[in-house]
Amino acid sequence: MALEAGARLGPYEIVGLLGSGGMGEVYRARDPRLEREVAIKVLPEEIADAKRLRRFEQEARTAGALNHPSVLAVYDVGAHQGVPYVVSELLEGHTLRVRLEGGALPLRKALDHALEIAHGLAAAHDRGIVHRDLKPDNVFITEDGRAKILDFGLAKLTRPRLPVQEGDQGTATKATESGVVLGTVGFMSPEQVRGEEVDPRSDIFSFGAVLYEMLSGVRAFRRDSAVETMNAILKEDPPELSETGRGIPPGLVRIVRRCLEKRAGDRFRSAHDLALGLEAVSSGVSGPSHQEEESRSGVARAGGLIWRHKRRLVLALAATALVTAGVYRGLVRSPAPAAGTHGIDSLAVLPFENVGAEPGSQYLSDGVAESLIDELSRVPKLRVIARSTSFRFRGNDVDPRQVGRDLGVGAVLTGRVSLRGDTLVIGAELVDVAKGTQLWGERYNTKMGDIFVVQEDIASQISRGLRLRLAPPDQGLLTKRQTGSPEAYRLHLLGRYELTMGTVEGFKKAIQYAQQATEKEPGYAAAYETLALALAGYTKMGEMPYREGYSRSRTAATKALELDERLPEAHLVLSWDVLSLDWDWAGAEREMKRALELNPSLAEAQSKYGFYLVLMGRRSKEGIEYLERALALDPASLVCRVGLLYGYYLDRQYDQALARAKKMPELNSFAWAHGLLALVYREKGMYEEAIAEDRKASPRCSGHRGNTYARAGKVSEARGCLREIRERFEKEGVGAYDMALVYAGLGEKDQAFEWLERAYEVHDQGITALKVDPPLDPLRSDPRFQDLLRRLKFPS
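The rules we used
- Residues numbered from 1 in each chain as written.
- Predicted model: local features only at pLDDT ≥ 70, side-chain atom pairs only at ≥ 80, totals over all residues.
- Heavy atoms only, no water.
- Buried < 20%, exposed > 50% of the residue type's maximum accessible area, 1.4 Å probe, protein only.
- Helix = DSSP H or I, 4+ residues; strand = E, 2+ residues; numbered from the N terminus.
- Pairing = 2+ DSSP bridges.
- Phe/Tyr/Trp six-rings, centres within 6.5 Å; stacked < 30°, edge-to-face > 60°.
- Lys NZ or Arg CZ within 6 Å of the ring centre and 35° of its normal.
- Expected span 1.5 Å × (residues − 1).
- Polar contact = N/O pair within 3.5 Å; in protein donor to acceptor, adjacent residues only side chain to side chain.
- Salt bridge = Lys/Arg side-chain N within 4 Å of Asp/Glu carboxyl O.

Undergrad: Please explain the pairing of strand β7 (residues 91-95) as it appears in this structure.
TA: Regular strands place side chains that alternate from one sheet face to the opposite one. Of all the 5 residues making up β7, 4 are buried; the element is thus mostly covered by neighbouring parts of the structure. With 3 bridges connecting them, β7 and strand β8 (residues 139-142) associate as antiparallel partners. What sits directly across from Thr95, in β8, is Phe140.

This is the structure we're talking about:
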């Protein structure tokens, strides 16, 4: 559709043709109503069918709502004789493509334009607009040196008349379920090449290709033919920018590399993230910008070429897509490990140093390290030392290499955290234990609200630093963000910090912090997981009736898993809750297996599953192996140590249990350990030793202590235990199983079975050990015992 000067297009008067191409003709025009010059783009006639025209008008109006200095302003949209047009601001200058004909841009200028483009993309993406055809031809450099993005979304609406031919480096089309997606060969994302639906991350890939050319002067994926170029986009990486000899900062090299990741999920989450990363790099690059540099070597190198081509160019924008939002990720990074770096499959994360600590901020440095342990331990190919073991090495005088040798790992991560107001500075360093060299290092300056993003980035960089090639499902484990509320995240970290104290007061505070976090962010799955753990711990400490405590912890764990099924500790809490409350053996085993599947390095999951196998009276050898493995993962864990001893006890390996206990002198400070040693001594006939250990464990009389008294011939003491336990049962409804243990020791079988029936009726959690508990051996040949086992439906 050719228009002559003086022709009318709606209310606009055509002045002259500015240019034409496959995307339509662009005219200089005058708007007599506002007495200003504008540009009008008349789109090809083939998009003029009613359905596409309605969609075009809707999308163009959406794009027209944008008001950003880095995006071409759209004033109006209409149709003339059924042919659509877009009216936009009139610009003077040249396209970025014209500028790049003179070679690479100076670094300062490239960064300035990259930031302008990124901010423009972010503004458009926030309104649900995806460009789909970002390339140097669609970036305009105004006479005052500012970059503006042109032609938003028109690629979705316009169809080329001919398919791409060999050697053509222009446009290409791919059919999809929703229509035709057009892109430019060499700047298309892999998903565009495959003809898939695209989202804002497709623009980020195209941006990476544009920035690569601005920095290097050559196209990232140019080949001899369109087919070869598209194949390179899908399968090949462009030459390293660090090899250009232009002194490009490593941080900027990393940003470009991340933009050009083949998988959309590996790129920046949003243009906001990208812009903030560029700003971080830009702050460390000196040199003139905009007008200062325009008068220097950049323009001189391009020579008269730019100005010979300079003319008024105007295009329009219109499209629809997905809305994204994001926060800061990544600052200047150290170079990636050399290709020859050997693979490392084990890691210890030491407690991060709290530098210049503000009062009460220890939770923050510990929380960062603990969150990294949690994230990294979910990677199947990586063995991560548990927190309770690695956190023994606290202090700024710790030698990472020596710690690594002591723990038998290939790499050690150290770090430091400084909080100044709401500004957070985090430094991290990954050290190769064998070589003593740095595999990766980085320093982050961010806000408190972005701490979880930093943690995700560190985890991803560590996996690369260790040369771990993660499958797509595993990569998702390192990028799962659960809250956008900084305050909810802070409360969650406080809850986790108190949880690790392992005290009654710690569990109580953890419950309070976790509840506050869920109030701030009702959809915060990890906070519900922490709440479940804290409630379970508080109940085990005897501070809450077990049915109430386990019921509340099960509710919290269930809620956590409804929000995010991939929380291993929530599965683990749920497994023990359903076992204790419902005797759901199959359900408990299913939850334990899922926890192990999600996090093979979770020592407590290995321990609980091993204990479960022994408790069920089957596969006891396999159960002991799990318990041994748990202790290997977390040698400092008292829970894992006691779990192993309890496993030996239930499997009747009493000598092995005592031998292990002698190698663990620190167990003397752990009440559960004294109680366990009392059981072992009793089964070996060492009754006095057993009674002494049991008294160290608790001042209260238990069923096991009463059983020991009875078997030692101390009948009056045993009956004293019966009276004490019965009083608790009448007041609190607990202790039926304990009563049965004492009566079994006294040889009063009828009373023992009477109380076992009561334990069955009230769902006493002690009855979960019925199948293997040694003090009940005198009852096992009785038909009533076999009937009880049958009704409990223990797995065979």
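Continuing now.
Undergrad: Would you mind going over the packing of aromatic side chains with me for this structure?
TA: Pairs of aromatic rings are described using the distance from one ring centre to the other and the angle between the two planes. All told, the structure shown has 11 aromatic pairs when counted by the stated rule. Seen in terms of ring centroids, Trp585 and Phe794 are 4.5 Å apart; in terms of plane orientation they differ by 20°. Their pairing is stacked. Residue Trp585 is found in helix α23 (residues 585-598), and its partner Phe794 is found in the segment after α34 (783-792); the two are separated by 209 residues along the sequence. Judged by its relative accessible area of 4%, Trp585 is buried. A relative accessible area of 11% places Phe794 in the buried class. Note on Phe611 and Tyr646: the rings are 5.0 Å apart at their centroids and 25° apart in plane angle, and the pair reads as stacked. Taken together, the residues span a long stretch of sequence, with Phe611 in helix α24 (residues 603-615) and Tyr646 in helix α26 (residues 638-650) at a distance of 35 residues. Linked through ring pairs, Trp576, Phe611, Tyr646, Tyr649 and Tyr654 together constitute an aromatic cluster. The ring of Tyr75 carries the charged tip of Arg36 above its face, separated from the ring centre by 3.7 Å. Arg758 extends its terminal NZ or CZ atom over the ring of Trp755, reaching a point 4.2 Å from the ring centre.

Undergrad: I keep staring at α26 and nothing clicks. Help me out?
TA: Think of an α-helix as turning once every 3.6 residues; residues three or four places apart then point the same way. Compared with an ideal rise of 1.5 Å per residue, which puts 13 residues at 18 Å, α26 spans 18 Å between its outermost C-alpha atoms and is within 8% of the ideal. Here α26 has its buried residues at Cys640, Arg641, Val642, Gly643, Leu644, Leu645, Gly647, Tyr648, Tyr649 and Leu650. For α26, the N-terminal capping position is held by Ser637, with its side-chain oxygen 3.4 Å away from the main-chain nitrogen of Val639. A positive backbone phi angle near 65° is found at Arg652, which sits one or two residues after α26.

Undergrad: Sorry if this is basic, but what is going on with the pattern of salt bridges here?
TA: A side chain of one charge can pair with a side chain of the opposite charge when the charged atoms of the two come close. As enumerated under the stated definition, the model contains 43 salt bridges in all. In this structure, Glu89 engages Lys148 in a salt bridge whose closest nitrogen and oxygen atoms are separated by 3.4 Å. Of this pair, Glu89 sits in strand β6 (residues 83-89) while Lys148 is found in strand β9 (residues 147-149), placing the two residues 59 residues apart along the sequence. Given the relative accessible area of 14%, Glu89 is considered buried. A relative accessible area of 11% places Lys148 in the buried class. Among the salt bridges present, the one from Glu589 reaches Lys593, with a minimum N-O distance of 3.8 Å. Separated by 4 residues within a single helix, Glu589 and Lys593 lie in helix α23, roughly one turn from each other. With relative accessibility at 12%, the residue Glu589 sits in the buried group. Relative accessible area serves as the criterion here: at 43%, Lys593 is assigned to the partly exposed category. By sharing partners, the salt bridges in this structure join Asp366, Glu370, Arg387, Arg496 and Glu569 into a single network.

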